[in-house]
Amino acid sequence: MESKNIVVAVPAFNEATTIGQVLRGIPPRIDGIPVTTVVVDDGSTDTTAEVAAGCGAYVIRHLTNLGVGAATQTCFRAAQMLDADIVVTIDADGQHDPAEIERLVDCLIDGRFDVVIGSRLLDPQGMPLLRVLANLLLNAVTFVVYGKIVSDSQSGFKAFSRSAVDCMELRSAGYEICSEIVGEIYRKKLSYKSLPVKAVYTTYSYAKGQHFLNGIHLILGLFIRWVRRV
Amino acid sequence: MFWLLPKILAVFLAVIVISRSYIDFRARVESLQLFVFWTITWTVIVVLALFPAVIDFTISYFGRGVGVGTLLGMGVVLLFFLVYRIYTKLERVDQMLTKTIREMALREPWNTTK
């Protein structure tokens, strides 16, 4: 596959503390292919947009907070407008190491896979036990709703081929987006690979990540989707 | 005195709902069908609250097959259906709003220092 453009897209909401570090860690080129960085500021009330623009990223601002799912969909739309061949999504809270983007992209460049999921659970070292258990539970819920089991259904660190981005039909505005993407991989018969990635859990990223109530909300959202499907 | 409470409440709520619906209808925010629907629904609720004997009459009219339980069951099913309809409409509106905000965001200049 001859790639000409890689877009790294970062959905962000009130991440002024960490987004600069994440953006500075993104490699400017991968295997000689230029990398364009896009930040979708999901109605932040802090200086997320200013910090991101200062780091040289394109910044797209939602007027109000729509949710991580809506921001991720905006990331995909922006990547299509930039005519990206490969799209990488990464969390803005610093829980992923941007240096690992290259490993994800390498799996796509030769066209073997449509989607690569950066899986924190294949090597959960450093991940709090409660997080591991919560993510395993969400893997099970994702399987019940979408019929597909993957090692880390809730990972925000993924790489997509352009054809995968074009064919996915996403609707979720909230955290359910990760499970919905797994569902689309299954529904559209996309080839995928789970690649172990490091999870960098700091006090900040732990506090910013999905907490218990978000988990309940997510399961409820997935349950409603399941009810509507049957 | 306590037995009057549901009657007063029903009339009070009916006045609020029907007047609000009428104002929205006059302002062309609400359709005629919806206004008529709310008016009939709340008129029925007020009649049942003021004259509960209507329920006894209905039960005796339809015979032994229909009891208070059946009517309550039908009411619950109807309410669940309405909640479902409201939920799906709300989701549709939510998606339209999301789409609008996304399109607006994408049409604005993408700020960068590059």
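Right, let's get into the overall build of chain A. The helix and strand tally for chain A stands at 9 helices and 8 strands. Reported as C-alpha extents along the three principal axes, the dimensions of chain A are approximately 45 × 40 × 35 Å. Looking at chain A as a whole, 50% of its 230 residues qualify as buried.

This paragraph deals with the overall build of chain B. If you tally the helices and strands in chain B, you get 4 helices and 0 strands. Secondary structure elements of chain B, listed N to C terminal, follow the sequence α-α-α-α. Against the globule reference of 13 Å for 114 residues, chain B gives a C-alpha radius of gyration of 22 Å, more extended than a compact globule. Residues classed as buried in chain B amount to 5% of the 114 residues present. If you take every contact in chain B between residues at least 6 apart in sequence, the share linking residues at least 24 apart comes to 40%.

All names here are of chain A. Counting 71 residues, the largest nonpolar core has Ala9, Val38, Ala52, Ala79, Val87, Val88 and Val105 as its most contacted members. If one sorts the elements of this core by residue count, helix α3 (residues 68–81) sits on top with 7 residues. Leaving out residues up to four positions away in the same chain, Val105 has contacts with Ile6, Ile30, Ile86, Val88 and Ala159.

Before going further, it helps to examine helix α1 (residues 5–26) of chain B. The first and last C-alpha atoms of α1(B) sit 31 Å apart over 22 residues, in line with the 32 Å expected at 1.5 Å per residue. Positive phi shows up at Arg28(B), right after α1(B), with a value of about 60°.

Attention shifts here to helix α7 (residues 177–187) of chain A. Residue and element names in this part refer to chain A. Among the 11 residues that make up α7, 8 are buried, leaving the element largely enclosed by the rest of the structure. For α7, the complete set of buried residues consists of Ile177, Cys178, Ser179, Glu180, Ile181, Val182, Gly183 and Ile185. Phi turns positive one or two residues past the end of α7, at Lys189, with a value near 55°.

Here we take up the domain arrangement of chain B. Many authors give the size of an interface as the accessible area that is lost as the parts come together. Domain boundaries assigned for chain B yield domain 1 (1–51) and domain 2 (67–107). For domain 1 of chain B versus domain 2 of chain B, the separation of C-alpha centres amounts to 21 Å.

Take the packing of helix α5 (residues 129–146) of chain A against α7(A) next. All names here are of chain A. Here α5 crosses α7 at 45°, and the two axes come no closer than 10 Å. Between α5 and α7, the angle is such that the two are oblique. Note on packing geometry: the crossing formed by α5 with α7 is right-handed. Every residue of α7 that contacts α5 at Thr142, Val145 and Tyr146 is listed here: Ser179, Val182, Gly183 and Tyr186. Grouping the amino acids of the contact of α5 with α7 by side-chain chemistry returns 4 nonpolar, 3 polar and no charged.

Remark: α3(A) packs on helix α4 (residues 68–107) of chain B, axes separated minimally by 11 Å, with the N-to-C direction vectors making an angle of 40°. Here α3(A) lies oblique to α4(B), going by the angle between them. Viewed along their axes, α3(A) and α4(B) form a crossing whose handedness is right-handed. Where α3(A) abuts α4(B), its residues Ala70(A), Gln73(A), Thr74(A), Arg77(A), Ala78(A) and Met81(A) lie against Thr98(B), Arg102(B), Ala105(B) and Leu106(B). Looking at the contact of α3(A) with α4(B) residue by residue, the classes come out as 5 nonpolar, 3 polar and 2 charged.

Next up on the list: the confidence of the model for chain B. All names here are of chain B. Of all residues in chain B, 95% have pLDDT values of 70 or greater, and the mean over the chain is 87. Taken element by element, the predicted model of chain B shows its lowest mean pLDDT in helix α3 (residues 53–62) (80) and its highest in helix α2 (residues 32–50) (92). Reported for the predicted complex are a pTM of 0.77 and an ipTM of 0.81.

A few words now on unusual backbone geometry. The phi torsion at Lys189(A) lies on the positive side, around 55°, for a residue other than glycine. Position of Lys189(A) relative to the elements: it lies in the loop between α7 and β8 (192–196).

What follows concerns the pairing of strand β5 (residues 86–89) of chain A. Successive residues of a regular strand alternate their side chains across the two faces of the sheet. Residues and elements named next belong to chain A. Side-chain alternation along β5 places Ile86 and Val88 on one buried face and Val87 and Thr89 on a second face that is also buried. Sheet topology places strand β1 (residues 6–12) next to β5; 4 bridges connect them, and they run parallel. When the sheet's bridge partners are listed, Val7 is paired in β5 with Val87. Looking at chain direction, β5 and strand β7 (residues 158–161) are connected through 4 bridges and run antiparallel. Following the sheet pairing, Ile86 is matched in β7 by Ser161.

Calculation notes
- Residues numbered from 1 in each chain as written.
- Chains lettered and ligands numbered in written order.
- Predicted model: local features only at pLDDT ≥ 70, side-chain atom pairs only at ≥ 80, totals over all residues.
- Helix = DSSP H or I, 4+ residues; strand = E, 2+ residues; numbered from the N terminus.
- Buried ≥ 20, exposed ≤ 12 C-beta atoms within 10 Å, placed from the backbone.
- Rg over C-alpha atoms; globule rule 2.2 N^0.38 Å.
- Contact = placed C-beta atoms within 7 Å.
- Core = buried A, V, L, I, M, F, W, Y, C linked by C-beta atoms within 7 Å.
- Expected span 1.5 Å × (residues − 1).
- Domains from an automatic or database assignment.
- Axes fitted to C-alpha atoms, helices over the stretch in contact; angles between N-to-C directions.
- Parallel < 35°, antiparallel > 145°, perpendicular 65-115°, else oblique.
- Left-handed = near helix turned anticlockwise from the far one by under 90°.
- Nonpolar A, V, L, I, M, F, W, Y, C, P; charged D, E, K, R; others polar.
- pLDDT = per-residue confidence, 0-100.
- Pairing = 2+ DSSP bridges.

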